[in-house]
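Given next are the chains, with one letter for each unit.
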Amino acid sequence: VKEERAELAKHHISVLWSDHFKPQHGKQFPNLHDTFWRALKQVSQVKRSMDPAEGQKLLDLISEIDDMWKKTGGLDSTRVDGRPS
């Protein structure tokens, strides 16, 4: 289950990085690409480790990404009218 959830997190992090964030967001958040890159690498670490601290590192990176997402429009910019929330 841990590996499945980690793979799902990897997919969603990748999609958010490629589909939501634009070049101007990189100017707003100079560490944007590094944060995503570290999160994707941390997913791999979580998949091969049983150490809860590795999972916490991933959760911390996801929190950073969430903060950037919210500051760039968050839910308002990623939901299309007519789609369920």
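On a predicted model such as this, the values are computed, not experimentally measured, just so you know.

K.L.:
I'd love a proper account of the overall build of the protein chain, names of residues and values included.
P.N.:
What the protein chain contains, in helices and strands, is five helices and zero strands. N-terminal to C-terminal, the α/β element order of the protein chain is α-α-α-α-α. Counting the 85 residues in the protein chain, one finds 28% classified as buried. Considering only contacts within the protein chain whose residues lie at least 6 apart along the sequence, 64% involve residues at least 24 apart. Carbon and sulfur atoms form 56% of the exposed surface of the protein chain, whose accessible area is close to 5900 Å².

K.L.:
Explain the packing of helix α1 (residues 2-19) against helix α3 (residues 32-48) residue by residue, including any values.
P.N.:
Geometrically, a packed helix pair is captured by the angle between its two axes and the distance between the axes. Put simply, α1 and α3 touch, their axes get as near as 9 Å, and they point 165° apart. Classified by the angle between their axes, α1 and α3 sit roughly antiparallel to one another. Of the two possible hands of crossing, α1 and α3 adopt the one that is left-handed. Where α1 approaches α3, its residues K2, E3, A6, E7, K10, I13, S14, L16 and W17 are matched on the opposing element by L32, H33, F36, W37, A39, L40, V43, S44, V46, K47 and R48. Its residues placed into classes, the contact of α1 with α3 shows eleven nonpolar, three polar and six charged.

K.L.:
Report on the pattern of salt bridges, specifying residues and quantitative values.
P.N.:
All chains considered together, the criterion is met by seven salt bridges. The residue K2 makes a salt bridge to E3 at a minimum N-O spacing of 3.0 Å. On the accessibility criterion, K2 (29% relative accessible area) is partly exposed. When salt bridges that share partners are traced, they join D34, R38 and E64 into one network.

K.L.:
Break down the side chain of E54 for me, citing the residues and quoting the values.
P.N.:
Along the chain, E54 turns up in helix α4 (residues 52-71). The class for E54 is buried, based on a relative accessible area of 13%. Excluding residues within four positions of it along the chain, E54 makes contact with Q42, Q45, V46 and S49.

K.L.:
Just give me the short version of the environment of Q56, but keep the residues and values in it.
P.N.:
Structurally, Q56 is set in helix α4. Owing to a relative accessible area of 40%, Q56 belongs among the partly exposed residues under this scheme. In the structure, Q56 is positioned ten residues away from V46 in sequence and 9.2 Å away in space, judged by C-alpha atoms.

Procedures and definitions
- Residues numbered from 1 in each chain as written.
- Predicted model: local features only at pLDDT ≥ 70, side-chain atom pairs only at ≥ 80, totals over all residues.
- Heavy atoms only, no water.
- Helix = DSSP H or I, 4+ residues; strand = E, 2+ residues; numbered from the N terminus.
- Buried < 20%, exposed > 50% of the residue type's maximum accessible area, 1.4 Å probe, protein only.
- Contact = heavy atoms within 4.5 Å.
- Areas by Shrake-Rupley, 256 points an atom, 1.4 Å probe, with all protein chains shown as cover.
- Axes fitted to C-alpha atoms, helices over the stretch in contact; angles between N-to-C directions.
- Parallel < 35°, antiparallel > 145°, perpendicular 65-115°, else oblique.
- Left-handed = near helix turned anticlockwise from the far one by under 90°.
- Nonpolar A, V, L, I, M, F, W, Y, C, P; charged D, E, K, R; others polar.
- Salt bridge = Lys/Arg side-chain N within 4 Å of Asp/Glu carboxyl O.

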